[in-house]
Amino acid sequence: MKIILLLVAAAVGTLGPAGLARENALGDSPAPPERPARRQPPPDQGGARNERPQQKFSIEQAVSDTAQLHTIAFSGLAFLTGDFGASTFMPPGKVCDFFGFQYMRDIDAGGKGHNPMFLNRVAGNVLHILNEGQKQSFLDLAGEQASQLEELARMRLPLIWSFHRQSQGKVPMGSDGLNQAAVSRYTGDIFALDAGLSLRRAEVMAAVARSLTTEQRTYLGAMKFGDFNTWPAIDERDQLRAAGQGRPQLFNVAYMTYASEFFSWTAGSLEADTYFCPERHGTYFGGFYMKDMPAMGKRDFDISTTRTGDSGRAFLEEVLTETQRRHITGIASAQRKALLETIEVRRSISGELRKLLAGGTPDRTQILKLGRRYGELDGEMSWMYAVAFAKINGTLTAAQRASLMKLRNLEGYPSAEAYLYSRPITGKLQLPDTDHFFFPPR
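**Quick word on the environment of Glu215**
Stage number 1. In this fold, Glu215 is placed in helix H10 (residues 214–221).
Stage number 2. Taking the relative accessible area as the measure of exposure, Glu215 reaches 61% and is therefore exposed.
Stage number 3. Counting along the chain gives 86 residues from Glu215 to Ile129, while the straight-line C-alpha distance between them is 8.9 Å.

This is the structure:
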């Protein structure tokens with residue numbers, strides 16, 4: 001544990017101006033805001049920053065007990081008031097996320113980090129300055145990976161259904177419930193696929209970075225990492241639609257993602273790549289749906305920065321009894337070891353991928369091994385959440401359920417049967433047998 005703590009200190013201690021100035025492949029070294037004082041209340045991390053301009057972000061905040069507690073509570077609220085469909089909803093940017101984009105949007109000085117304009121603007125500028133050959137590299141990669149990204153999303157569905165079975169008491173007859181080892185093995189498979197997709201993405205983006213002309217480097221270098229206001233008002237969505245005409249929806253999503261992450265990765269740093277927000281893990285409970293759905297389909301919408309924290313606190317302090325509350329409050333300490341190891345694993349994966357920007361060769365075997373371990377840790381923590389939420393669900397009164405629905409505050413937003421990321425699945429959904437996630441009957 002002492003070694004892990006030292007690694008955490010190294011990771012969070014360099015998340016300042018000097019840290020983000022390193023390894024900048026475009027030659028621009030914009031500095032992010034300074035780290036917050038240690039005792040500053042943790043941020044919500046969920047939306048645009050215009051409501052709390054003084055907030056700063058770091059791994060230290062992401063793994064703090066308070067940030068984790070409120071995020072887990074928010075997921076619990078979403079899970080207990082939602083349905084299977086809502087639980088499957090997840091932004092595409094929450095997979096293969098080793099390229100600094102999450103950090104760039106969280107520290108955005110322009111307050112637009114979680115507004116649809118943010119992604120459109122950064123991707124638009126990248127597509128504007130790249131030549132046809134460079135853009136074709138991203139188009140080819142999107143064609144290669146669209147079906148794999150769909151596979152990744154579909155792999156989540158049986159696991160999510162098993163969590164709902166646990167909550168509803170629909171476990172196999174004679175079983176003691178969810179088996180943590182089985183859950184972790186399965187999430188290990190999911191994240192191993194994620195790691196392989198990330199490596200391929202890094203290979204293509206690094207090749208494009210090496211091909212940049214002086215003019216292109218100068219243009220991109222004038223765009224500051226983490227400051228929307230320095231990015232020219234360019235929107236290339238018409239070009240995107242033309243390029244993706246007749247292609248699967250995930251093709252367009254992938255192409256746009258590569259363009260945006262190309263900038264965040266080449267203008268960022270190892271520290272930015274390692275960073276994650278508190279809600280990066282345990283993404284199987286509908287928190288993203290509850291927070292993001294009001295913004296869907298809107299071009300300019302700032303998600304409230306206080307939604308997660310305020311709702312999580314209200315769920316814990318105003319609705320649950322002390323006995324019910326303890327099922328969640330005990331998770332922060334129970335998952336701490338896994339959470340700290342997660343930082344170590346993310347940093348190692350990110351470091352391997354960054355070798356490509358320096359002309360090196362990453363260790364594919366090691367990346368896949370680390371990805372699997374990352375998934376096992378995610379499964380371990382998610383199992384804790386699912387078991388805790390199920391215990392609470394079995395003891396809620398009718399009055400408590402009514403209060404929780406008011407906190408959900410999504411009247412008029414019915415969910416689809418299931419989602420592939422944020423797109424409703426069409427047709428009848430058929431899931432494989434999920435008994436293998438549970439202990440065998442005694």
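**Focus on helix H20 (residues 398–408)**
Stage number 1. Those residues of H20 lying buried are Gln400, Leu404 and Arg408. Within H20, the buried residues cover an arc of 85 degrees as seen down the axis, which keeps them to one side. Of the residues in H20, the exposed ones pointing more than 90 degrees away from the buried face are Ala398, Ala399 and Lys406.
Stage number 2. Residues of H20 that are buried make contact with helix H4 (65–81), helix H5 (84–88), helix H14 (287–292), helix H15 (307–319) and helix H16 (322–329).
Stage number 3. Two residues or fewer past H20, Asn409 is found with a positive phi of approximately 55 degrees.

**A look at the confidence of the model for the chain**
Stage number 1. Residues of the chain with pLDDT of at least 70 account for 83%, and the chain-wide mean is 85.
Stage number 2. Taken as a whole, residues 1–54 scores under 50 in pLDDT and shows 133 contacts with residues more than four places along the chain or in a different chain.

**A word on the packing of helix H7 (residues 116–129) against helix H12 (residues 249–267)**
Stage number 1. The N-to-C vectors of H7 and H12 enclose an angle of 85 degrees; their axes lie 8 Å apart at closest approach. For the element pair H7 / H12, the angle class is roughly perpendicular. Mapping the contact onto sequence places Leu119, Asn120, Val122, Ala123, Val126 and Leu127 in H7 and Tyr255, Met256, Ala259, Ser260, Phe262 and Phe263 in H12.
Stage number 2. Across the contact of H7 with H12, the residue classes break down as 10 nonpolar, two polar and no charged.

The rules behind the values
- Residues numbered from 1 in each chain as written.
- Predicted model: local features only at pLDDT ≥ 70, side-chain atom pairs only at ≥ 80, totals over all residues.
- Heavy atoms only, no water.
- Helix = DSSP H or I, 4+ residues; strand = E, 2+ residues; numbered from the N terminus.
- Buried < 20%, exposed > 50% of the residue type's maximum accessible area, 1.4 Å probe, protein only.
- Arc of directions from axis to C-beta.
- Contact = heavy atoms within 4.5 Å.
- pLDDT = per-residue confidence, 0-100.
- Axes fitted to C-alpha atoms, helices over the stretch in contact; angles between N-to-C directions.
- Parallel < 35°, antiparallel > 145°, perpendicular 65-115°, else oblique.
- Nonpolar A, V, L, I, M, F, W, Y, C, P; charged D, E, K, R; others polar.

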